[in-house]
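Single-letter residue listing:
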2 protein chains.
Amino acid sequence: MSANSRLTIAAHALAWIGLYQRQGHEVATSEQIASSANTNPVVIRRLLGELRRAGLVESRRGVGAGWSLARELESMTLLDVYEAVEPGPLFAMHRTTPDQGCVVGHGIQPAMQCIYEGIEETVRHELARVTLANVLRDVLAAPR
Amino acid sequence: MSANSRLTIAAHALAWIGLYQRQGHEVATSEQIASSANTNPVVIRRLLGELRRAGLVESRRGVGAGWSLARELESMTLLDVYEAVEPGPLFAMHRTTPDQGCVVGHGIQPAMQCIYEGIEETVRHELARVTLANVLRDVLAAPR
DNA sequence: GGGTGTCGTAACAATTATTGTTGCGACTGC
DNA sequence: GCAGTCGCAACAATAATTGTTACGACACCC
C-alpha cells in the first residue's frame, strides 16, 4: 500500500477552504481544517505551506489569521497539487544499485526508467484533467 | 517518494531468469538473482513466491533446485507482475476517517476514490502494454 | 541411508517515510 | 500589552519495506 495520503489531505484542505470562502468567510484556520480531516493542525500547516510555495494558497498571520485561496478552484488542477506535495516518483528503482557487471543488472534501470516515465506522464495527464472545482462539486454531490 | 521497489525487483528477477534460460540453463537460484540485484536471497524468494502464486514462475526443491518461468516472457505483462506483488492502491485515503459531520469530511472520500480508480485503471492499461520480453529486449539494448 | 544444496518460512532487526505531538517564537489586530 | 494564529524546529509514534539469521523440508547423488 502506498502509505501516503498527502494528495488526499491537500485536496481535502483546498476543498474545505474553497467551500468556506463561498460561504462568505475570509480565511480558514489550520485548526478548522484539521478538525474536518481528523488530524493535527501542524500537519495541515505543513501541507498548506507547500501549497503556498506553489502559489495555490496564501496565509495571513496575527489575530484573525488563516488561509485563503490564491487562485480560483476552477483554475487549480490535481496535478498542481500533486506536484506541490509529492516529492518523488510513483515507482522506485532498486534501493541499492544492482550489479553493473551483470547484463541484466546493468540494463534494468534504464529500461524500467523509460517505462516508468511514460506511465508517470500518463498519470500527470489524468490529474491535470481534474480541477479542484470538480472535486468540490463531487464532494457536495455525495449522498448522505 | 514511493518507497517500494517491488515491481522493479520482480521485473529484474524475471528478466534474469528468462535470459538465463535462453542461455540453456534449466533453473536459476535465488542467490544468483540476489547477487545481480544486489540484495538478499530471501528477498528474492519472497517476491518469487508471490509470482509463483500468480502462476508466473515455478520452483523446484532439493539439489539442483531453483526457479524457472512458468510461461513465456512474451505472454507476461508488467500488469501481471504488478498485480502479483503490489497489494494496495496507488493513492491512499486519510489514515483516520475524516469528520463525517462536516460536509467536506463526509464527501471527500467517495469523490477522491472515484478519481483514483480512474487513474489506477489507466496505469493498469499502460502496464498491460509492456511484456517482460519487451523489458528484456530493452535491458539488452542498454549501452555499456 | 547419509550428505549436500536449495527452497520455504518464521522471527526479528534495520531502515525509511510519513504522520502526530509539543513547544515556542513571530506577527498582527485590538 | 494581550490574544490568537501561523512558522518552524525537534522529537516521538507509526507503518511499510527491506535486510538478516536460523532452521526445517525436500530431492538428488553417492
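Look above for the structure.
Caption draft 1: Inspection of the overall build of chain A at higher detail. Helix and strand content of chain A: six helices and two strands. Reading the helices (α) and strands (β) of chain A from amino to carboxyl end gives α-α-α-β-β-α-α-α. Radius of gyration (C-alpha) of chain A: 19 Å, far over the 15 Å computed for a compact globule of 144 residues. Based on the C-alpha atoms only, the size of chain A along its principal axes is roughly 65 × 30 × 30 Å. Residue burial in chain A is summarised as follows: out of 144 residues, 51% are buried. For chain A, long-range pairs separated by at least 24 residues make up 63% of all intrachain contacts whose partners lie at least 6 apart in sequence. Carbon and sulfur atoms provide 49% of the accessible area of chain A, an area that totals close to 7,100 Å².

Caption draft 2: Broad picture of the interface of chain B and chain A. Facing 55 residues of chain B, the contacting portion of chain A comprises 55 residues. When chain B packs against chain A, close to 4,500 Å² is buried across both sides, 71% of that on carbon and sulfur atoms. Counting across the chain B and chain A interface gives twelve residue pairs in polar contact (both at pLDDT 80 or more). Only helix H1 (6-22), helix H2 (30-37), helix H4 (78-85), helix H5 (103-128) and helix H6 (132-141) of chain B provide two or more residues apiece to the side of chain B that touches chain A. The leading source of residues in the side of chain B that touches chain A is H5(B), at 16 residues. Here the side of chain B that touches chain A is built from residues that sort into 35 nonpolar, 16 polar and four charged.

Caption draft 3: Region of interest: the protein's contact with DNA strand D. Around DNA strand D, the structure places 29 residues, and the nearest of them are A:Ser30, A:Arg52, A:Gly62, A:Arg95 and B:Thr39. The share of sugar and phosphate among atoms of DNA strand D within 4 Å of the protein is 61%. B:Gly62 is positioned such that a nitrogen or oxygen atom in its backbone is 3.4 Å from a base oxygen of DNA strand D. Those elements that place two or more of their residues in the surface near DNA strand D are helix H3 (41-53), strand S1 (57-60) and strand S2 (66-69) of chain A together with helix H3 (41-53) of chain B. Broken down by element, the surface near DNA strand D gets its largest block of residues, four residues, from H3(A). Counted by class, the surface near DNA strand D contains nine nonpolar, ten polar and ten charged residues.

Caption draft 4: Representation of the relation of the copies chain B and chain A within the structure. Expressed as a screw transformation, the operator carrying chain B onto chain A has a rotation angle of 180° and an axial translation of 0.0 Å, and the superposed copies differ by an RMSD of 0.0 Å. Expressed as a symmetry operation, the mapping of one chain copy onto the other fits a two-fold axis. The residues that chain B uses at the interface reappear at the interface of chain A in 100% of cases, marking a shared surface.

Caption draft 5: Spatial organisation of the pattern of salt bridges. Enumeration over the complete set of coordinates arrives at 16 salt bridges over all chains. Residues B:Asp80 and B:Arg71 are paired through a salt bridge, measuring 3.3 Å at the closest nitrogen-oxygen approach. According to the relative accessible area criterion, B:Arg71 is partly exposed, its value standing at 30%. Here the salt bridges do not stand alone but share partners, grouping A:Glu83, A:Glu120 and A:Arg124 into one network.

Caption draft 6: Structural view of the packing of H3(B) against H4(B). Residues and elements named next belong to chain B. Where H3 meets H4, the closest approach of the two axes is 9 Å, and the angle between their N-to-C directions is 110°. Accordingly, the angle class assigned to the pair H3 and H4 is roughly perpendicular. The crossing of H3 and H4 is right-handed. Of H4, the residues touching H3 (which contributes Leu-47, Glu-50 and Leu-51) are Val-81, Ala-84 and Val-85. Of the residues belonging to the contact of H3 with H4, the class tally is five nonpolar, no polar and one charged.

Caption draft 7: Fine view of the nonpolar core. Counting residues in hydrophobic clusters, the biggest one holds 98 residues, and the most contacted among them are A:Leu51, A:Leu78, B:Leu51 and B:Leu78. Ignoring anything within four residues of it in the chain, the contact list for A:Leu51 reads A:Ala10, A:Leu14, A:Leu56, A:Val57, A:Val81, A:Ala84 and A:Val85.

Caption draft 8: Just the protein's contact with DNA strand C, in detail. Every one of the 29 residues lining DNA strand C counts as a neighbour, but A:Thr39, B:Ser30, B:Arg52, B:Val63 and B:Arg95 are closest to it. Take the atoms of DNA strand C that sit within 4 Å of the protein: sugar and phosphate atoms are 61% of them. Within the side chain of B:Arg52, one N or O atom sits 2.3 Å away from a phosphate oxygen of DNA strand C. Residue B:Trp67 places a side-chain N or O atom 3.2 Å away from a phosphate oxygen belonging to DNA strand C.

Analysis parameters
- Numbers given to residues run from 1 along each chain, matching the order in which its sequence is written.
- The lettering of chains begins at A and the numbering of ligands begins at 1, in the order of writing.
- Totals for whole chains, interfaces and linings use every residue, but because this is a predicted model, local features are given only for residues with pLDDT of at least 70 and side-chain atom pairs only at 80 or more, for both listing and counting.
- Note that the side-chain values use all heavy atoms of the structure and ignore hydrogens as well as water.
- A run of H or I in DSSP counts as a helix once it spans at least four residues, and a run of E counts as a strand once it spans at least two, with each numbered from the N terminus.
- Only the C-alpha atoms count toward the radius of gyration. The rule for a globule is 2.2 Å times the residue count to the power 0.38.
- Relative accessible area decides the class of each residue, using a 1.4 Å probe on protein chains only: under 20% of the type maximum gives buried, over 50% gives exposed, and in between gives partly exposed.
- Residues count as neighbours in contact if any of their non-hydrogen atoms are within 4.5 Å of one another.
- Note on areas: Shrake-Rupley with a 1.4 Å probe; residue coverage comes only from the protein chains shown.
- Take the accessible area each of two parts loses on contact, using a 1.4 Å probe, and add the two losses: that sum is the buried area.
- Polar contact criterion, stated in full: a pair of N or O atoms within 3.5 Å, where within protein one must be able to donate a hydrogen and the other to accept it, and residues adjacent in sequence count only if both atoms are side-chain atoms.
- As a working rule, the residues Ala, Val, Leu, Ile, Met, Phe, Trp, Tyr, Cys and Pro are called nonpolar, Asp, Glu, Lys and Arg charged, and the rest polar, with Gly in that last group.
- For this purpose, a residue is taken to be near a molecule or strand whenever a single non-hydrogen atom of the residue falls within 4 Å of it.
- Here the copies were fitted onto each other by least squares, based on C-alpha atoms from residues at pLDDT of at least 70 in both.
- Basic side-chain nitrogens of Lys or Arg form a salt bridge, by our definition, when they fall within 4 Å of a carboxyl oxygen of Asp or Glu.
- All axes are obtained by fitting lines to C-alpha atoms, using only the stretch in contact for helices, and the reported angles, taken between N-to-C directions, cover 0 to 180 degrees.
- Note that the term roughly parallel is reserved for angles under 35 degrees, roughly antiparallel for angles over 145, roughly perpendicular for angles of 65 to 115, and oblique for everything else.
- Left-handed describes a crossing whose near helix is turned anticlockwise from the far helix by less than a right angle; the clockwise case is right-handed.
- For this analysis, a nonpolar core means a set of buried residues of the types Ala, Val, Leu, Ile, Met, Phe, Trp, Tyr and Cys, connected via side-chain atoms within 4.5 Å.

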